[in-house]
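Breakdown of the fold
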2 protein chains.
Amino acid sequence: MALTDSPASPTAFRAGHSVAAVTDAAAVVERPLGLDAVAITGGFWHERQEANRAASIPDGLRQLHEAGNLRNFEIAAGRATGEAVGPVFADSDVYKWLEAAAWEYARHPDEELLARQLEITELVAAAQEEDGYLDTVVRLREGERYRDPARNHEHYCAGHLFQAAVAQSRCTGRDDLLRVAVRLADHLVRTFGPGLRDDVDGHPVVEMGLVELYRQTGEASYLALAEHFVAARGAHVLERWGGNPTYLSDRVPVREARSVEGHAVRAVYLAAGAADVATERADAGLLAALARQYAAMAESKQYLTGGLGARWEGEAFGDPYELPADRAYAETCAAIGGVQWAWRMLLATGEARYADQIERMLFNGFLPGVSLRGAEYFYVNPLQLRHDAHADDDRSPAHGRRGWFDCACCPPNIMRTLSSLAAYVATTAEGVLRIHQFVEGVVRVGEAEIAVETRYPWHGSVRVRVVRAGAEPVRLAVRVPAWAEGASLDGRPVPAGAYAAPERELRAGDTVVLELPLVPRLARPHPRVDAVRGCVALERGPLVYALEAPDQPDGVVVDDLRIDTRAALADRVEEGLLGGIATIVAEGVDSGTGARVPLTAIPYFAWANRGPREMRVWIPEAS
Amino acid sequence: MALTDSPASPTAFRAGHSVAAVTDAAAVVERPLGLDAVAITGGFWHERQEANRAASIPDGLRQLHEAGNLRNFEIAAGRATGEAVGPVFADSDVYKWLEAAAWEYARHPDEELLARQLEITELVAAAQEEDGYLDTVVRLREGERYRDPARNHEHYCAGHLFQAAVAQSRCTGRDDLLRVAVRLADHLVRTFGPGLRDDVDGHPVVEMGLVELYRQTGEASYLALAEHFVAARGAHVLERWGGNPTYLSDRVPVREARSVEGHAVRAVYLAAGAADVATERADAGLLAALARQYAAMAESKQYLTGGLGARWEGEAFGDPYELPADRAYAETCAAIGGVQWAWRMLLATGEARYADQIERMLFNGFLPGVSLRGAEYFYVNPLQLRHDAHADDDRSPAHGRRGWFDCACCPPNIMRTLSSLAAYVATTAEGVLRIHQFVEGVVRVGEAEIAVETRYPWHGSVRVRVVRAGAEPVRLAVRVPAWAEGASLDGRPVPAGAYAAPERELRAGDTVVLELPLVPRLARPHPRVDAVRGCVALERGPLVYALEAPDQPDGVVVDDLRIDTRAALADRVEEGLLGGIATIVAEGVDSGTGARVPLTAIPYFAWANRGPREMRVWIPEAS
């Protein structure tokens, strides 16, 4: 397709500053509000976003220089000489960083960061080949294009480029990267699909990328190609390249699959892309298949933390109910993909359970992947670190969080998620503003401006105040999480696991107060989960808790602690601990000595900020 | 060193038909009796050996032809053209088959099998290079020798060649393969060691091979090189090749290690080779280090089945007490390496616990690796197969046993272990015949001949009858396994976990009867083993039991069964089931329906002989 030449020209079909900016034709219940409509201005997630801005993003750029990802582009652009370094998908980390920088510009316009973004964009453009093909590592190292679709990640890199370009176009008004993306997408359209080359890529993400690019540009061939990639997959098409069908999400067609399997990130990225296709095509059958798969995953293949992927071997989902705490893989990227999938399912269905899922995954599956400071990362997120655990891999949690990885997919993925987080907060559904996630911030919809005031997740009050209304009164609905039994809206009890609406229309100056009961509670595992039989976990609000060694009495070994589940649980907000958290105190027994001891639990996301120490989420019950 | 030229010439220093044929100078308590002294003539292990002879070994030869391992030698010998196929260590599978065939010849002299063995030996010799170097895959595929010691397995292949050559020399009287081995060993001696190339191989086994070759030939430089390889390891020497120190047993020197870690087969092969060095060098410090490591492994890194290796990722030992049932790796080769290590520790120390370990690993860690028929194998041996388990790998137990593997290390390893099994039965210690394993068979020592009659492990009587005595009466001791509380010898109670001797000297015609109480019993896991908390396992005699779906009431899901541990356990020998076994029947509850149901357990080794069906060793207790 053709774009105008001006760097800042608007595209014909420009979407809002949203994630999954569904078109008017899409079959969705909810329409997303993007970063042009929602701002997180304080509180919990604002702190995390500020750490992302101040530490993660700048440090990430340094790491991309040091690891050689950017140099690969310089070599491909003819500006340097040498061999490509890093994994075959090294380009994608640059694109994820560019995407983070783009969202960040909408959140916190920083011309310096924009300049860096545009410099790198110019470098990426310079590395692109005449016909639009772009992959520095494959070009420099492998020579031949699409020589091994099962392993070479060329579409995967393209997909991340598309997402970055769309974010840049949406949030900075610059189409520099979008032009690169369009040239590459046009090349893909000329190369792959029915009657052309019939391969799919070993690692999905291009599906989401193509649909977002379609949404940004209006170019229907991008949506068609995404639809083709989703439909073609599952027929063992990668076996010709020696690819393992299960690992590559290529054993069963998306439309027929009953659960998720294989490499967790691949599986959820594919599902999210398929959900994009299903909504834009109004394909109810495909959407129903995805809903079924999501439910099976949530039932039997997801950790309490929302973490996805039970196996290190193949970074994969396990069998149903195979959910070991100690060897949980729960890759940070898989939680991010899970959020992306759940977000698209939420838009499509309006069902509160998907917003519950997003909350669970953000707080407990995603956030543990980054330190409180912001520039140290976990690749895997187990629910236990044992006594005498040994680190034998750069991903080992026993190392503690690390500044970067040989395979550095997670850190820039965290950055782009944090900088775009406001896009997951609210939607509109037939004139109703629906608030899905509780953040301190501002929502603008039409002429109305709504302020949300809350100290969530430490305190359970969420005040929604209409600062300005338009001609029409504001119609509002807020999510009452499934865990929030006993919640009230303006003093009136409201059912958990659904959206609650005030009984009145809201005008300027009106305030609605949602009260969520943040009391500590016990979670018990499904009886089929062998790995944590006889254990309970502690939760409070949206947070999963963990016992970490530094908070326990001196001399005890966390692995020997048992919890007395008949005793009461106490909680306390501790401003001075780990940046300010609420702790839970339970009564327990040291099974080594038999002594009764207090057990102090911290939010799981905050573990390993005092070095890698013994930790466990699931605590055996005292007998 | 020089060997005589005649194919059948005896070597100067010929050892008995033993495994780990320690020299007179070795610091050992026990001296092994080999296949020239011990014959298994009936009963349990004889049946397994007959299946090995009739099915495994001939089928293995066919598989080695089909998979191309033998063709690699033909190409290297200039008798065929083409490229090498299979993993870089493909030669080793040929050597293990040759070793199996050699031991088998001592057990059951079959001239046809000897002819095949000598044909392949001739082919191997033809593929050897002028200076003694021999590795077909590295030569044909990699070109350069020792280009990547961390990965290329050249010493590993050599070690297996040495073991095969020693077995052939010991059991057939032919030195054909020994000549090849000596040329290769001399090349290694000229190439590696102090003042020469200071690498070690990524996969230990050459240490055991070199010491056995020293024992067979008397060539001291082989022992010296083995000693060097053991001493050099553990200083991150393979990091220069990008090798992971933990995975490769290269993080901590053997003499300093406190436990086992990394790739399980590598770790136990290294330990077994180090034990060979320790005994031949009378190195008490090294032996003490190995005893400490063995104890740590048995305490915290070994499954109830004796299985070794908790992780698929890296085929590795986990952290202490990380012992998942479902994702147990417990590679068949690791159990074999465990037996080899325990055997050497038994010779060195005479401690009954090592013979207990051998029994546990043989029956429960090793034997599940092969079908009752004999030509289908498990590479990994988990203690649970879940409902709805999915096979995503040729090693997946959900496939059931398979005829061969892409990485086919286990099948020929099973063959050589079964054919040499009689070598692990008995030893002499200062004139006392010690019987460690209970088999129907004959033991000849000096002028004496002893017959052992037993239907173990189904029945607990072991009758030891002196068929013929020499001038001196026979002095005897029999192992009383640690599980055998209540055992008696000639009606006299004897303590479990030790050796028991009759109170009299034995002369021709005398009989001693050991009675072992084969009553079903419950095993409980260590409280640190999270994976099976709240579960018990069933054992009877040396056997670990499992619930397998075909034996449970129709319609129940094994994962939902619970055991009532207050109810009595019953056992019954069932001649018609799975080739004749004893079952255990317990009372249980179907937690799905709440109904009380009988639970019928079979010996774990016999599982998956009726297809891959749901199975579990550890059974949750009914609450």
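The model shown is predicted, which means the values in this text are computed figures rather than measured ones.

1. With respect to the domain arrangement of chain A
All names here are of chain A. According to the domain assignment, chain A contains domain 1 (31–424), domain 2 (426–456 + 461–515) and domain 3 (522–620). Of note, the centres of domain 1 and domain 2, computed from C-alpha atoms alone, are 31 Å apart. In this assembly, 24 residues from domain 1 lie in contact with 22 residues from domain 2. For the side of domain 1 that touches domain 2, the secondary-structure elements that each account for two or more residues are strand S1 (31–32), strand S2 (38–42), helix H1 (43–67), helix H12 (332–349) and helix H13 (352–366). Considering every element that reaches the side of domain 1 that touches domain 2, the biggest residue donor is H13, with six residues. Taken together, the residues of the side of domain 1 that touches domain 2 sort by class into 15 nonpolar, five polar and four charged.

2. Things to note about H12(A)
Every α-helical turn comprises 3.6 residues, leaving residues that sit three or four positions apart pointing alike. Residue and element names in this part refer to chain A. Across its 18 residues, H12 extends 26 Å between first and last C-alpha, which sits within 8% of the 26 Å expected from 1.5 Å per residue. Along H12, 17 of the 18 residues are buried, which leaves the element largely enclosed by surrounding structure. Where H12 ends, the next residue or the one after it, Gly350, has phi of about 70°, a positive value.

3. Section: the interface of chain B and chain A
The partner chain A presents 30 residues to the 30 residues of chain B that form the contact. For the side of chain B that touches chain A, a count of residues per class yields ten nonpolar, six polar and 14 charged.

4. What about the sheet that holds strand S13 (residues 511–515) of chain B?
All names here are of chain B. Pairing in this open sheet of seven strands is antiparallel, and the strands run S2-S6-S7-S8-S13-S10-S11 from one edge to the other. The open sheet terminates on both sides in strands that have one partner only, identified here as strand S2 (38–42) and strand S11 (492–493). In the sheet, strand S10 (residues 488–489) pairs with S11 via two bridges, with the strands oriented antiparallel. When the bridges of S11 are listed, Leu489 appears paired with Arg492. This element, helix H1 (residues 43–67), spans S2, strand S6 (440–445) and strand S7 (448–454) of the sheet and lies at about 90° to S2.

5. Quick word on the sheet that holds strand S4 (residues 426–429) of chain A
Residue and element names in this part refer to chain A. Read from one edge to the other, the open sheet built from five strands follows the order S1-S4-S5-S9-S12, with strand pairing classed as mixed. The open sheet has two edge strands, S1 and strand S12 (498–500), and neither has a second partner. Both strand S9 (residues 475–480) and S12 contribute to a ladder of three bridges, which runs antiparallel. Pairing of Val478 across the sheet is with Ala500, part of S12.

Reading the values: rules and limits
Residues numbered from 1 in each chain as written. Chains lettered and ligands numbered in written order. Predicted model: local features only at pLDDT ≥ 70, side-chain atom pairs only at ≥ 80, totals over all residues. Domains from an automatic or database assignment. Contact = placed C-beta atoms within 7 Å. Helix = DSSP H or I, 4+ residues; strand = E, 2+ residues; numbered from the N terminus. Nonpolar A, V, L, I, M, F, W, Y, C, P; charged D, E, K, R; others polar. Expected span 1.5 Å × (residues − 1). Buried ≥ 20, exposed ≤ 12 C-beta atoms within 10 Å, placed from the backbone. Pairing = 2+ DSSP bridges. Axes fitted to C-alpha atoms, helices over the stretch in contact; angles between N-to-C directions.

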